[in-house]
Structure formats: structure tokens, C-alpha cells
Amino acid sequence: MHYTQREKNIVYIALLVGAIFVGTTVLPMIQSIYLDREGNIEQVLLEIERETRLVEETARWRERRTEAEVRIAQLEREIFSGETIPLVEAELQSDLSQYARESGIIIGSTRLAERIETNEWLMISQEMSFRTDSANNTIGFLERLDNSVPRLFVRDFSINRTRSQYTGDITVVGFARSEGLITGGLSQR
């Protein structure tokens, strides 16, 4: 087959138009598909990394949650509970008296418990005068208070020695949640 010059020119122009079409339309489209694929691969790799990190952090968060639950349970044991504020005060006074008796401390006098209520918490303060014939009894008493459950905190403490006897004053505080407590018909002191 033999082509004329005019047919050859038409074929060359068609090839040139085809090449321009491929260069301006098809190549950018292929390049766009390639870049989208690269972006998708990068996105998938980021998501895999994120998911891997989340899986690794899951164990740590479970451990932290367990620690928090244990701490909450421990704190719940350290606070006083009761249906009314006077019952909570009586429980605190009873515990304080029991720790004193167990330590060989003789209670001279106690004052009425004072309470402060704020932000769903109740702080009960109990003051007591005591005497004992041994300093070791006082140390045992303070150790019992330090290990008490519900927890009693020593706010003030003083001790004097007169001959063979020790006398002193102590103020301890305990805490309770005030939410749900009934005042027991008494006004706040």
C-alpha cells in the first residue's frame, strides 16, 4: 500500500493530535491516579500505625483503670459512712475511744464533735483529753490512728509529763460524703 503525501500529512497530524491528547489528558489522569494511590497507601499506613498504637495503649489504659478502681475502693474504705450525720459522728467517737482503750490510754474528757460540710464532703473533728502512765501507750495509740479504717487523721496533738503520768490532748478528723446523709433533725454546728 502506498499513501499519498496528503494522507501521510493527515496521519502525522492525527498522531500529533493524539500525542498532545495523551500528553495533556491521559498522562495527568494516570499521574493523578498514581498520586491518589500513593495518598491512599500513606493513609492506610497511618491508620495501621494508629490502630497499633491504640491496641498497645489499651493494655495501659486497662491497667490505669484497674489502679483507679483499686484506689477508689481504698478511699471508700477510708471514709466514714452512715445514714445520718449524728451516726457518723458517733462512729468516729466510738472508733477513737476503742483505739484509746486498746492502747492503754484513759480518756479524760471529750468535746462534742464539730463538723464542716462543703462540696459534698463532711469533715468531723473530735477533740479528746487523755492520760496514760507510759509513753509507749501513746505511740501505740498514734500508730492505731495511722492504720485506722475508716481513716482518722491527727490534726492536733500535745502531751505533757507530770511525775509518772502523761497527759495530753488530741484532735482527730474523719471524712464522710455528705450526699445522702440526713442531718438527724439537728442544725449544723
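All of these numbers come straight from a predicted model, not from anything done at the bench. (Residues numbered from 1 in each chain as written. Predicted model: local features only at pLDDT ≥ 70, side-chain atom pairs only at ≥ 80, totals over all residues. Heavy atoms only, no water.)

Caption draft 1: Local environment of the overall build of the chain. Along its length, the chain carries three helices and five strands. Sequence-ordered secondary structure for the chain, helices as α and strands as β, is α-α-β-β-β-α-β-β. For 189 residues, the compact-globule estimate of 2.2 N^0.38 gives 16 Å, and the C-alpha radius of gyration of the chain, at 41 Å, exceeds that figure by more than 25%. Counting only contacts in the chain whose residues sit at least 6 apart along the sequence, the fraction spanning at least 24 positions is 65%. Of the roughly 13,800 Å² of accessible surface on the chain, 55% is carried by carbon and sulfur atoms. Positive and negative side-chain charges in the chain, numbering 22 and 29 respectively, have mean positions lying 2 Å apart. (Helix = DSSP H or I, 4+ residues; strand = E, 2+ residues; numbered from the N terminus. Rg over C-alpha atoms; globule rule 2.2 N^0.38 Å. Contact = heavy atoms within 4.5 Å. Areas by Shrake-Rupley, 256 points an atom, 1.4 Å probe, with all protein chains shown as cover. Lys, Arg positive; Asp, Glu negative; His and termini not counted. Charge placed at Lys NZ, Arg CZ, Asp CG, Glu CD.)

Caption draft 2: Fine view of the nonpolar core. One finds Met-128, Phe-141, Leu-145, Leu-152, Ile-170 and Val-172 to be the most contacted residues of the largest nonpolar core, which totals 20 residues. Only α2 (85–102), β3 (121–132), α3 (135–146) and β5 (165–177) provide two or more residues apiece to this core. For this core, the element with the most residues is α2, which contributes six residues. Setting aside its immediate chain neighbours within four residues, Leu-152 contacts Phe-80, Leu-92, Asp-95, Leu-96, Tyr-99, Leu-145, Val-172, Val-173 and Gly-174. (Core = buried A, V, L, I, M, F, W, Y, C linked by side-chain atoms within 4.5 Å. Buried < 20%, exposed > 50% of the residue type's maximum accessible area, 1.4 Å probe, protein only.)

Caption draft 3: Broad picture of the packing of α2 against α3. One can describe the packing of α2 onto α3 by two numbers: an axis separation of 8 Å at closest approach and a directional angle of 140°. Taken together, α2 and α3 sit at an angle that is classed as oblique. In the packing of α2 onto α3, the handedness of the crossing is right-handed. Across the interface between the two elements, Leu-96, Tyr-99, Ala-100 and Glu-102 of α2 pack against Phe-141, Arg-144 and Leu-145 of α3. Split into classes, the residues belonging to the contact of α2 with α3 amount to five nonpolar, no polar and two charged. (Axes fitted to C-alpha atoms, helices over the stretch in contact; angles between N-to-C directions. Parallel < 35°, antiparallel > 145°, perpendicular 65-115°, else oblique. Left-handed = near helix turned anticlockwise from the far one by under 90°. Nonpolar A, V, L, I, M, F, W, Y, C, P; charged D, E, K, R; others polar.)

Caption draft 4: The arrangement of the pairing of strand β2 (residues 114–118) in detail. Pairing of β2 with β3 involves five bridges; the strand directions are antiparallel. When the bridges of β3 are listed, Arg-115 appears paired with Ile-124. What sits between the antiparallel neighbours β2 and β3 is a turn of two residues, in which Asn-119 has the positive phi angle 45°. (Pairing = 2+ DSSP bridges.)

Caption draft 5: Representation of the packing of aromatic side chains within the structure. Taken as a whole, this structure holds three aromatic pairs when the rule is applied. On the numbers, 6.1 Å between centres and 15° between planes, the contact of Phe-130 with Phe-157 is stacked. Pair noted here: Phe-130 is in strand β3 and Phe-157 is in strand β4 (residues 153–162), with a separation of 27 residues, a long-range link. You can call Phe-130 buried: its relative accessible area is 3%. An aromatic cluster of at least three residues, connected via ring pairs, comprises Phe-130, Phe-141 and Phe-157. (Phe/Tyr/Trp six-rings, centres within 6.5 Å; stacked < 30°, edge-to-face > 60°.)

Caption draft 6: View of a nonpolar patch on the surface. Together, Phe-21, Val-22, Leu-27 and Ile-30 make up an exposed nonpolar region whose accessible area comes to about 370 Å². Secondary-structure assignment places Ile-30 in helix α1 (residues 5–78). Note on Ile-30: relative accessible area 48%, which makes it partly exposed. (Patch = residues over 30% accessible without salt bridge, like charges linked within 9 Å, V, L, I, M, F, W, Y side chains within 5 Å. Salt bridge = Lys/Arg side-chain N within 4 Å of Asp/Glu carboxyl O.)

Caption draft 7: Summary view of α3. Helix length check: α3 (12 residues) gives 17 Å between terminal C-alpha atoms against 16 Å at 1.5 Å per residue, within 8%. Inspection of α3 places Asn-137, Thr-138, Gly-140, Phe-141 and Leu-145 among the buried residues, and these make up the whole buried set. End-on, the buried residues of α3 take up no more than an arc of 160°, which puts them together on one face. Where α3 begins, the capping side chain belongs to Ser-134, and its oxygen is found 3.1 Å from the backbone nitrogen of Asn-136. (Expected span 1.5 Å × (residues − 1). Arc of directions from axis to C-beta. Polar contact = N/O pair within 3.5 Å; in protein donor to acceptor, adjacent residues only side chain to side chain.)

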